[in-house]
Amino acid sequence: MDEAHHIAADFADGAAGARLRYHIVTYGCQMNVFDSRRIGQSLRLAGYEETADPVMADVILLNTCSVRDKPEKKVLATLARLRPLKEARPGTVLGVCGCVGQQHGQALLDRVPYLDLVFGPDRVVEAAALVEAARGGARLADVARQSRGDHAFAPVDPEAEPGPTAFLTVMKGCDKVCSYCIVPYVRGREVSKPVALVLDEVRRLVEGGVREVTLLGQNVNAYGKDLACGADFADLLAAIDAVPGLLRLRFVTSHPADADERMLSCFGRLRTVAPYLHLPVQAGSDRVLDRMRRGYTAAEYLDKIAIARRHCPDVALSTDVIVGYPGETREDFEATLRVVEAARYDTMFSFKYSPRPHTAAARLEDDVPEAEKADRLREVQSLQDRIGAERLARFLGRVEEVLVEGPSRAARTRGAGAQWSGRTATNHVVNFAARPGEPPAPGDLVRVRITDVLAHCLAGEPCDGAGGE
Ligand code: SF4
């Protein structure tokens, strides 16, 4: 029996239980992670339970991303792997949601005859109803968009948040027109969640044990532009900052053009706003930035960083960089290296340019040879490796407040010692051994003296005053 038939046989055996089960595979960004939780919540309310094993599932959903790599290929390959499961038990609902679902809609259903359901990110709120319709025999694609004035979001379920940290979508979509980006096409125009609703959700999360909330939005600091009340992102941060019991507030992703002094002064001014800013620069050449339609120059970008550092000198910075954008010369690329050197990021996410359908850049000649893109990527990454290591070294000997998330990976996988793991306010991972008889609990703030700086994380030991909040 080949592997596919083994899986199919297991599946037929394992599906004897009465309760319906769902399994969600999530690709891409934190917003997709958040959406998957909302889909799960919608299914649980409809009586389903989650299973980590697709073989046991009555509903399998792929929550997809089309921002990077070859998403469609990846989804089709995963669907092909799941085909034996579907054939062993045709009643299983197989669905694709997220950006690839939005992008291809009915065409995906037409192309994959064993696929039952396709829906877009704006239909998450109706996930259970769509799954039920598919279970009833309908093959359907629903990629209808939420209108700009419709501020309905799938509600947050505090019980679904597994630890002391939680994501919370506060706006979705994007009104920018970056030439390479498919987000406006698949996620639509900006829609903000009303302030009162966000506050209510943060309060409920905190009551449920969450201590750190990360606000999510494709262009999160454009929050409020579509709201009649006039509140902007800085107002939202200030309102959330007043929620008792919340220890830390983070947010991603901010656009440099929308990062003004009011917003940047929140670092160091508001109690809970953690000193960590993800501010994608994408390129350091003004010519390339202009062709990317980013809406700022390298000098303006570096000014924003200077403002953030003026308000909070220890703020940790991360960024996104694309190398090999159409027409990018060696000189343009060297301008990117100069910005990376000047900004001194803690971390960087870097990518080789590749065209995305429905984007303006896809109409340009992708003229930087692949080998040259790979060389540039290596070069910018090795520069950042050096800067990142220098930045990390500043923590040696410092005492940091670490928000405990749980046992460290080593403790979980190898049972190694009483190792705990958490994050500094700057979002750096710290592993530490608890004092004998004083194991911390997830959500505790523990003072840890940093004794070791490793490649990508810190290690330390609790110092006086350690303990829960
Ligand atoms: S701001 Fe971000 S999400 Fe919006 S178009 Fe530009 S890259 Fe895409």
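Residues numbered from 1 in each chain as written. Predicted model: local features only at pLDDT ≥ 70, side-chain atom pairs only at ≥ 80, totals over all residues. Heavy atoms only, no water.

With respect to the secondary-structure elements, Thr 359 resides in the loop between strand E14 (347-352) and helix H13 (370-393). At 2.6 Å, the side chain of Thr 359 and the backbone oxygen of Arg 356 are in polar contact. Not counting residues within four places of it along the chain, the set of residues in contact with Thr 359 comprises Ser 179, Tyr 180, Cys 181 and Ile 182. (Helix = DSSP H or I, 4+ residues; strand = E, 2+ residues; numbered from the N terminus. Polar contact = N/O pair within 3.5 Å; in protein donor to acceptor, adjacent residues only side chain to side chain. Contact = heavy atoms within 4.5 Å.)

This paragraph deals with the sheet that holds strand E11 (residues 248-252). The 3 strands lie next to each other as E7-E10-E11, forming an open sheet whose pairing is parallel. The open sheet has two edge strands with one neighbour each: strand E7 (165-169) and E11. Strand-to-strand twist of the sheet, defined as the mean angle between neighbouring strand axes without regard to direction, takes the value 25°. Alignment of strand E10 (residues 212-216) against E11, held across 5 bridges, turns out to be parallel. Residue pairing for E11: Val 213 is matched across the bridge by Leu 249. (Pairing = 2+ DSSP bridges. Axes fitted to C-alpha atoms, helices over the stretch in contact; angles between N-to-C directions.)

It is worth spelling out the site of the ligand at this point. The environment of the ligand is formed by Cys 174, Lys 176, Cys 178, Tyr 180, Cys 181, Val 183, Pro 184, His 255 and Arg 294. When grouped by side-chain class, the residues that make up the shell around the ligand number 6 nonpolar, 1 polar and 2 charged. (Near = heavy atom within 4 Å. Nonpolar A, V, L, I, M, F, W, Y, C, P; charged D, E, K, R; others polar.)

Here the focus is the packing of helix H11 (residues 298-311) against helix H12 (residues 330-343). At their nearest, the axes of H11 and H12 sit 11 Å apart, and the two run at 10° to each other. Judged by the angle between their axes, H11 and H12 are roughly parallel. The residues of H12 that touch H11, namely those facing Ala 298, Tyr 301, Leu 302, Ile 305 and Arg 309, are Val 339, Ala 342 and Ala 343. Across the contact of H11 with H12, the residue classes tally to 7 nonpolar, no polar and 1 charged. (Parallel < 35°, antiparallel > 145°, perpendicular 65-115°, else oblique.)

Next up on the list: helix H7 (residues 195-207). In a regular helix each residue adds 1.5 Å, so 13 residues correspond to 18 Å; H7 covers 18 Å between its end C-alpha atoms and thus fits that length. On its buried face, H7 sits against E7, E10 and helix H8 (233-241). Directly after H7, the chain includes Gly 209, whose backbone phi takes a positive value near 110°. (Expected span 1.5 Å × (residues − 1).)

Let us now look at the domain arrangement of the protein chain. If you check the domain split of the protein chain, you get domain 1 (3-142), domain 2 (147-274), domain 3 (284-394) and domain 4 (399-462). At the interface, 19 residues of domain 1 touch 22 residues of domain 2. Between domain 1 and domain 2, roughly 1,800 Å² of surface is buried when both sides are summed, and carbon and sulfur atoms account for 61% of that area. One can count 2 salt bridges joining domain 1 with domain 2. Here Asp 122 and Lys 172 are joined by a salt bridge, their closest N and O atoms 3.7 Å apart. Summed over the shared surface of domain 1 and domain 2, the result is 2 residue pairs in polar contact (both at pLDDT 80 or more). (Domains from an automatic or database assignment. Buried area = accessible area lost by both parts, 1.4 Å probe. Salt bridge = Lys/Arg side-chain N within 4 Å of Asp/Glu carboxyl O.)

This next bit is on the pairing of strand E15 (residues 399-407). Pairing analysis gives 5 bridges linking E15 to strand E18 (residues 445-453), with the strands arranged antiparallel. Across the sheet, the residue bridging to Glu 400 is Val 448, located in E18.

Evaluated as defined, the whole model comprises 4 aromatic pairs. Ring geometry for Tyr 296 against Tyr 301: centres 5.9 Å apart, planes inclined by 35°, an arrangement best described as tilted. Judged on exposure class, the residue Tyr 296 and its partner Tyr 301 are both buried. Here the aromatic rings of Tyr 325 and Tyr 353 are separated by 5.3 Å at their centres, their planes lie at 70°, and the arrangement is edge-to-face. Placement of Tyr 325 in the loop between strand E13 (316-323) and H12 and of Tyr 353 in the loop between E14 and H13 is noted, with a sequence separation of 28 residues between them. You'll find Tyr 325 and Tyr 353 in the same group, each marked buried. Ring pairs connect the aromatic residues Phe 233, Phe 251 and Phe 267, which therefore count as one cluster. Just above the ring of Phe 34 sits the side chain of Arg 38; from NZ or CZ to the centre is 4.3 Å. (Phe/Tyr/Trp six-rings, centres within 6.5 Å; stacked < 30°, edge-to-face > 60°. Buried < 20%, exposed > 50% of the residue type's maximum accessible area, 1.4 Å probe, protein only. Lys NZ or Arg CZ within 6 Å of the ring centre and 35° of its normal.)

As enumerated under the stated definition, the model contains 37 salt bridges in all. With its nearest N and O atoms 3.3 Å apart, the salt bridge here joins Arg 187 to Asp 35. Here Arg 187, found in helix H6 (residues 183-187), pairs with Asp 35, found in helix H2 (residues 30-45); they are 152 residues apart in sequence, far enough to count as distant. Linking Arg 344 and Glu 390 is a salt bridge whose minimum nitrogen-to-oxygen distance equals 3.0 Å. Highlighted residues: Arg 344 in the loop between H12 and E14 and Glu 390 in helix H13, separated in sequence by 46 residues. For Arg 344, a relative accessible area of 29% gives the class partly exposed.

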